[in-house]
Amino acid sequence: MNHHAYAPTPPMGWNSWDCYGAAVTEKEVRANAEYMAKHLKDYGWEYVVVDIQWYEPGAVSSQYRPFVPLEMDEFSRLDPAANRFPSAAGGRGFRPLADYVHGLGLKFGIHIMRGIPRQAAHAATPIKGSSATARDIAHPNSICPWNTDMYGVDASKEGAQAYYDSLFELYAEWGVDFVKVDDIAASRLYDAHLPEIELIRKAIDRCGRPMALSLSPGPAPVPYADFLEAHANMWRMTDDFWDKWDLLLDMFDRCEKWQGRSGPGHWPDCDMLPLGHIGIRSVDGGGADRWTRFTKDEQVTLMTLWTIFRSPLFFGGELNDNDEWTLSLLTNRDVLEMHRHGSDARQAYREGDRVVWTSRGRGGEIYVALFNTGETALEVGVALADIGYAGSSARVVDLWSGEALAAAGDRLAATVAPHGARLLRLAAN
């Protein structure tokens, strides 16, 4: 099966990073999975992803502890820390937790760093299926600038493919459905690590289990779009995205650069949704335990841009603390219909603080997102001819409010709050 079949629509789920950093526990993962099954599964949310450092017993926040011992098996593969994930004790790995998530009707995912543990390379531990050792395939000059756990793998060395094959064989045994690979799509020190991406693609194809592949961090280079599409299901367009207006404003430029590259099985990724209660044990992003710093208007802007562009959606907050407002952003069926089944998303125009995006629905309707990036309320409009609407009039609905608006003539316009958005659906009368 072609890997694009693993993600025919943009993946949607929860990831532990924005609220728990590197220190999430099994109890917290289970609790968020239970919330998703009860409140979000019916809307298409399905992945529960354990982010970085699940193999470090002493992790306490999003601040990485350099050169600390990590849990590892006899074949140089990292294991969940049993003090944080008790069901992993006795060599069971993530299988019990994955079984629990699957039992809720959801899918289970993990974060990994590219490469092989430094401690494995230093100890020259074995690689399953190869006579080579971890030291033989490690590339000591290929390191992550912000995390000391791994050396890169030298793809030219005997044993390199066997190592990645053994990793994904293990993840298949655990029941993993989604793998986020970090320090690979872009690097502060190097270009994208294309040879290791190729090793990973082959390993997933050989493991016998469908797994969606996500590549981080960004910005992934636009000239590599064809390569990324051929090897992964989603890839980051940005470095870590946090609850700051300047980062959200910057995302308009990034989406414009990547427009036209989204499609079944291959999704440029705007990164996570830092909404709701975040920063509980994650001090990254310039803040501690907090509710999102985005205003409600900015949250609507974020959700409108991510959904019309058709980015993957991974919620970063503690789900069990969601208020009615936050839950409403995740459960709007009309917005999610556009996100899952829209097509031809593009920026119609950008002039000053006015930005307009449009896409097409599967029933012939046209979606129009009107954005105001300025500091005062503005009327934002667009000629219907410029968005490909050929009718003489249209029924117009605001998807966030559910309000029916006055039928459009040859132009569509609405007042938009500062840093805000209006998301409209046009259909023939």
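What counts, and where the lines are drawn
- Residues numbered from 1 in each chain as written.
- Predicted model: local features only at pLDDT ≥ 70, side-chain atom pairs only at ≥ 80, totals over all residues.
- Heavy atoms only, no water.
- UniProt positions renumbered as here; feature names shortened; annotations may be inferred.
- Helix = DSSP H or I, 4+ residues; strand = E, 2+ residues; numbered from the N terminus.
- Buried < 20%, exposed > 50% of the residue type's maximum accessible area, 1.4 Å probe, protein only.
- Contact = heavy atoms within 4.5 Å.
- Areas by Shrake-Rupley, 256 points an atom, 1.4 Å probe, with all protein chains shown as cover.
- Pairing = 2+ DSSP bridges.
- Axes fitted to C-alpha atoms, helices over the stretch in contact; angles between N-to-C directions.
- Parallel < 35°, antiparallel > 145°, perpendicular 65-115°, else oblique.
- Left-handed = near helix turned anticlockwise from the far one by under 90°.
- Nonpolar A, V, L, I, M, F, W, Y, C, P; charged D, E, K, R; others polar.
- Salt bridge = Lys/Arg side-chain N within 4 Å of Asp/Glu carboxyl O.
- Domains from an automatic or database assignment.
- Buried area = accessible area lost by both parts, 1.4 Å probe.
- Phe/Tyr/Trp six-rings, centres within 6.5 Å; stacked < 30°, edge-to-face > 60°.
- Lys NZ or Arg CZ within 6 Å of the ring centre and 35° of its normal.

Under an unreviewed UniProt entry, the name given to the protein chain is Alpha-galactosidase, and the source organism is Cohnella xylanilytica. The Catalytic activity (unreviewed entry) field of the UniProt record for the protein chain holds the comment "Hydrolysis of terminal, non-reducing alpha-D-galactose residues in alpha-D-galactosides, including galactose oligosaccharides, galactomannans and galactolipids." Looking at the Sequence similarities (unreviewed entry) heading of the UniProt record, one finds this comment for the protein chain: "Belongs to the glycosyl hydrolase 27 family."

Trainee: Lay out the overall build of the protein chain with the relevant residues and their values.
Mentor: The secondary structure content of the protein chain amounts to twelve helices and 21 strands. The principal-axis extent of the C-alpha atoms belonging to the protein chain is close to 70 × 40 × 35 Å. For the protein chain, the residues scored as buried account for 59% of the 429 residues in total. A fraction of 74% describes how many contacts in the protein chain between residues 6 or more apart in sequence connect residues 24 or more apart. For the protein chain, the accessible surface area stands at approximately 15,800 Å², while carbon and sulfur atoms represent 49% of it.

Trainee: Kindly report on the environment of S343, identifying the contributing residues and their values.
Mentor: If you trace the backbone, S343 turns up in strand β14 (residues 343-351). Under the relative-accessibility criterion, S343 is labelled partly exposed at 30%. Placed 81 residues apart in sequence, S343 and L424 show a C-alpha to C-alpha distance of 15 Å. Leave out the neighbours within four places in its chain, and S343 touches S359 and R360.

Trainee: Which residues make up the sheet that holds strand β19 (residues 404-408), and what are the values?
Mentor: The strand order across the open sheet formed by six strands is β14-β15-β16-β21-β18-β19, and the pairing between neighbours is antiparallel. In this open sheet, the two edge strands, each paired with only one partner strand, are β14 and β19. Each strand axis lies, on average, 25° off the axis of its neighbour in the sheet, ignoring direction. By the bridge criterion, five bridges tie strand β18 (residues 394-398) to strand β21 (residues 420-428) in an arrangement that is antiparallel. Its bridge partner being in β21, V397 is matched across the sheet by R425. On the sheet, helix α9 (residues 245-258) packs against β14, β15 (354-360) and β16 (366-372) and is oriented at approximately 125° with respect to β14.

Trainee: Break down the packing of α9 against helix α10 (residues 296-309) for me, citing the residues and quoting the values.
Mentor: Orientation of α9 relative to α10, taken along the N-to-C sense of each, is 15°, at an axis distance of 11 Å. Considering the angle they form, α9 stands roughly parallel to α10. Between α9 and α10 lies a crossing of left-handed hand. Where α9 approaches α10, its residues W245, L248, M251, F252, C255 and W258 are matched on the opposing element by E298, T301, L302, L305, W306 and F309. For the contact of α9 with α10, the residue count by class is ten nonpolar, one polar and one charged.

Trainee: Lay out the sheet that holds strand β1 (residues 12-15) with the relevant residues and their values.
Mentor: Pairing is parallel across the open sheet formed by eight strands, whose spatial order is β10-β9-β8-β7-β3-β2-β1-β13. Strand pairing shows two members of the sheet lacking a second neighbour, β10 (267-269) and β13 (313-315), which therefore form its edges. With strand direction ignored, the average angle separating the axes of adjacent strands in the sheet is 25°. Two elements, strand β9 (residues 234-236) and β10, share three bridges in a ladder whose sense is parallel. Looking at the pairing, R236 lines up with D269 of β10. Helix-sheet contacts for helix α3 (residues 95-103) involve β2 (47-50) and β3 (107-113), and the interaxial angle to β3 is about 140°.

Trainee: Would you mind going over the pattern of salt bridges in detail, with residue names and values included?
Mentor: Summed over the entire model, instances satisfying the criterion amount to 26 salt bridges. Of the charged contacts, one joins D99 and R95 as a salt bridge, the two residues approaching to 3.0 Å between their closest N and O atoms. You can see D99 and its partner R95 sitting in helix α3, four residues apart, about one turn around the helix. Overall, the relative accessible area of 37% leaves D99 in the partly exposed class. Via salt bridges that share partners, R114, D183 and E196 belong to a single interconnected network.

Trainee: Tell me about the domain arrangement of the protein chain, and name the residues and values.
Mentor: For the protein chain, the assigned domains read domain 1 (3-341) and domain 2 (346-428). Taking only C-alpha atoms, the centre of domain 1 and the centre of domain 2 are 34 Å apart. Contacts between domain 1 and domain 2 engage 24 residues on the former and 22 residues on the latter. Of the roughly 2,200 Å² buried between domain 1 and domain 2, counting both surfaces, carbon and sulfur atoms make up 63%.

Trainee: Give me the packing of aromatic side chains: which residues, what numbers.
Mentor: Per the counting criterion, the structure on display carries 19 aromatic pairs. Measuring from ring centre to ring centre gives 6.2 Å for W17 and Y64, while their planes differ by 20°; the resulting arrangement is stacked. Of this pair, W17 sits in helix α1 (residues 17-20) while Y64 sits in the loop between β2 and α3; the two residues are 47 residues apart in sequence, bridging distant segments of the chain. Judged by its relative accessible area of 6%, W17 falls in the buried class. By the ring-pair criterion, three or more aromatic residues cluster together here, those being W54, Y55, F85, F94, F108, F168, Y171 and W174. The positively charged end of R30 is found above the aromatic ring belonging to Y100, 4.4 Å away from the centroid. A cation over a ring is seen here: K296 above W325, with NZ or CZ 4.9 Å from the ring centre.

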